[in-house]
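The residues making up each chain are set out below.
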Amino acid sequence: MKLKLLVAAVSVALALCSCADKGPWPEVTVFENYSTGVPYRIPALDINRHGDIIALADYRYCHYDIGFGPIDLHFSISRDLGSSWSAPAVMAAGDSTLAGGWNYAFGDPSIVADSGSDEVLAMSCGGHIVFWDSTRERPQDCVRHRSHDGGKTWTEHEPITGGIYSLFDGRPEGPAQGLFFTSGRILRSSRIKTGKFNRIYSALPVRPGGCYVLYSDDFGGTWHVLGGAGAAPVVSCDEGKCAELPDGSVLLSVRKRGGRAFNIFRYTDGSKAEGSWGKEADALAMEGVNACNGGFTVVQSKNGATLILQSITFQPDRRDVGIFYREWRGDEDNLAEGWKKGIQLTEDTSAYSCLMPMPGGTVACFWENELEDNGYDLVFRRLTLAEITLGEYK
């Protein structure tokens, strides 16, 4: 049995490598807006240990966010690194008869697949309350979704609202009145593993306060606040994304009006249990971009350079999604400088996006393209670093 598993793993690795350096790759629409008369929004994706890419999205009967009506979550799977996708299927169905319940609607999904098992975790908002109207007593719900077969089926959905809100009780500014897990890709650490699972990170806007980062060492069973629940690492109370540097430090990127804010959490001990946040910094090259939820990741170029990638709109309004990049040299105090504008992915109206490292040093971008009646086509494209950086890196 062990030999069969080893042969299967090697076969998957060879299959991934064999097509890893071929390109360029075309855009593929994963979720077609209004294909069944309902708008799609909010891209999220990750890749499981078998090389299958799992994509999630809101299926918005109500045409708006949580709090305005019923929403389902849909998923699709690609088994050929994004060239083709399965037909959208229901991951979690909101129940429009349960007005007032946590399972009335689900939206804003985020996802992470375990690297050593077939466990997949997704988080989403839930219920019937708009984020800005939520309170500690009437919260917008935090819902945990699980797959035990690599994302093929989703069998467990449960609210964990009270446990997440309680992490912020006892603060000088008072308890959290609203919070949610940012949509997109949950960061899985490649450097820190305690027990069975690698550490995972997710950014949360917390009202009042700002944007915080939570981490879990048991794959979403329990969560903790990275650096403590004192002052928020970024004061903008908005969506954020996390990325990991080669030394295990955690980068936080947060949307804000008229730009993008960053901070760095550096561990101060070998066990990766203690550390502190640095100083918040705004990226100079991103001044004036739309306050949109973008993708954020760290990748290695073929010459060994560490590159930080940020997908975001290139305009003050929601259009022209592209990718900024910068090289990380290891001694920077902040991320205000050094960003360059890379590839522009579209000239259409476009908004939220998600980035994910792929086999062979490539990167996937999954973004909302061409607005129509509060929804978008959700488009996938695989890119080389040469394409992203306009030839500067490979």
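Nothing here was measured: the structure is a model prediction, and the numbers come from that model.

Here is what the cut-offs are and how they apply
Residues numbered from 1 in each chain as written. Predicted model: local features only at pLDDT ≥ 70, side-chain atom pairs only at ≥ 80, totals over all residues. Heavy atoms only, no water. Helix = DSSP H or I, 4+ residues; strand = E, 2+ residues; numbered from the N terminus. Rg over C-alpha atoms; globule rule 2.2 N^0.38 Å. Buried < 20%, exposed > 50% of the residue type's maximum accessible area, 1.4 Å probe, protein only. Contact = heavy atoms within 4.5 Å. Areas by Shrake-Rupley, 256 points an atom, 1.4 Å probe, with all protein chains shown as cover. Lys, Arg positive; Asp, Glu negative; His and termini not counted. Charge placed at Lys NZ, Arg CZ, Asp CG, Glu CD. Patch = residues over 30% accessible without salt bridge, like charges linked within 9 Å, V, L, I, M, F, W, Y side chains within 5 Å. Salt bridge = Lys/Arg side-chain N within 4 Å of Asp/Glu carboxyl O. Disulfide = S-S within 2.5 Å. Pairing = 2+ DSSP bridges. Axes fitted to C-alpha atoms, helices over the stretch in contact; angles between N-to-C directions. Phe/Tyr/Trp six-rings, centres within 6.5 Å; stacked < 30°, edge-to-face > 60°. Lys NZ or Arg CZ within 6 Å of the ring centre and 35° of its normal. pLDDT = per-residue confidence, 0-100. Core = buried A, V, L, I, M, F, W, Y, C linked by side-chain atoms within 4.5 Å.

## Looking at the overall build of the chain
Tallying secondary structure elements over the chain gives three helices and 27 strands in all. Computed over its C-alpha atoms, the radius of gyration of the chain comes to 20 Å, within 12% of the 21 Å expected for a compact globule of 394 residues. Once the C-alpha set of the chain is aligned to its principal axes, its extents read approximately 55 × 50 × 45 Å. Looking at the chain as a whole, 57% of its 394 residues qualify as buried. Considering only contacts in the chain between residues 6 or more positions apart, those separated by 24 or more positions represent 55%. Of the roughly 15,400 Å² that the chain leaves accessible, carbon and sulfur atoms contribute 51%. Counting 38 positive and 49 negative side-chain charges, the chain places the centres of these two groups 5 Å from one another.

## Focus on a negative patch on the surface
Residues Glu27, Glu347, Asp348, Glu370, Glu372 and Asp373 make up a contiguous surface patch of negative charge. Mapped onto the secondary structure, glutamate 370 falls in strand S26 (residues 363–372). Assessed through its relative accessible area of 44%, glutamate 370 is described here as partly exposed.

## Focus on the side chain of serine 189
Residue position: serine 189 is located in strand S12 (residues 187–194). The residues contacting serine 189, other than those within four sequence positions of it, are Asn198, Arg199, Tyr201 and Glu244.

## Notes on the state of the cysteines
Applying the stated criterion across every chain yields a total of zero disulfides. In this model cysteine 62 remains outside any disulfide bridge; the closest cysteine sulfur is found in cysteine 125, 12 Å from its own. Among the cysteines around cysteine 125, which has no disulfide bond, cysteine 142 carries the closest sulfur, lying 7.1 Å off.

## Focus on the sheet that holds strand S22 (residues 306–313)
The four strands lie next to each other as S21-S22-S23-S24, forming an open sheet whose pairing is antiparallel. Lying at the two open borders of the sheet, with one neighbouring strand each, are strand S21 (296–300) and strand S24 (340–344). Going across the sheet, the axis of each strand differs from the next one's by a mean of 30 degrees, ignoring polarity. In this sheet, strand S23 (residues 321–328) lies alongside S22 in antiparallel orientation, the contact comprising eight bridges. Residue pairing across strands places threonine 313 opposite valine 321, the latter belonging to S23.

## Observations concerning the packing of aromatic side chains
Taken as a whole and assessed by the stated rule, the structure comprises 18 aromatic pairs. Centroid distance phenylalanine 262 to tryptophan 339: 5.2 Å. Interplanar angle 25 degrees. Geometry classified as stacked. Taken together, the positions of phenylalanine 262 in strand S18 (residues 259–267) and tryptophan 339 in the loop between S23 and S24 put the pair 77 residues apart, joining distant regions of the chain. Like tryptophan 339, phenylalanine 262 is buried. An aromatic cluster is built from Phe31, Tyr40, Tyr59, Tyr61 and Phe366, whose rings are joined through pairwise contacts. Its end group placed over the ring of phenylalanine 314, lysine 341 keeps NZ or CZ at 4.8 Å from the ring centre. Here the guanidinium or amino end of arginine 382 rests over the ring plane of tryptophan 25, the centre of that ring lying 4.2 Å away.

## Quick look at the confidence of the model for the chain
For the chain, per-residue confidence averages 93 on the pLDDT scale, and 94% of positions sit at 70 or higher. Note that residues 1–20 has pLDDT below 50 and, in this model, 14 contacts with residues that lie over four places away or in other chains.

## Quick look at the nonpolar core
In this structure, Leu251, Trp339, Phe366 and Phe380 are the most contacted members of the largest nonpolar core, which totals 42 residues. Non-local contacts of leucine 251, meaning those with residues more than four positions away in its chain, are made with Lys241, Cys242, Ala243, Leu245, Asn263, Ile264, Phe296, Val298, Ile308 and Leu335.

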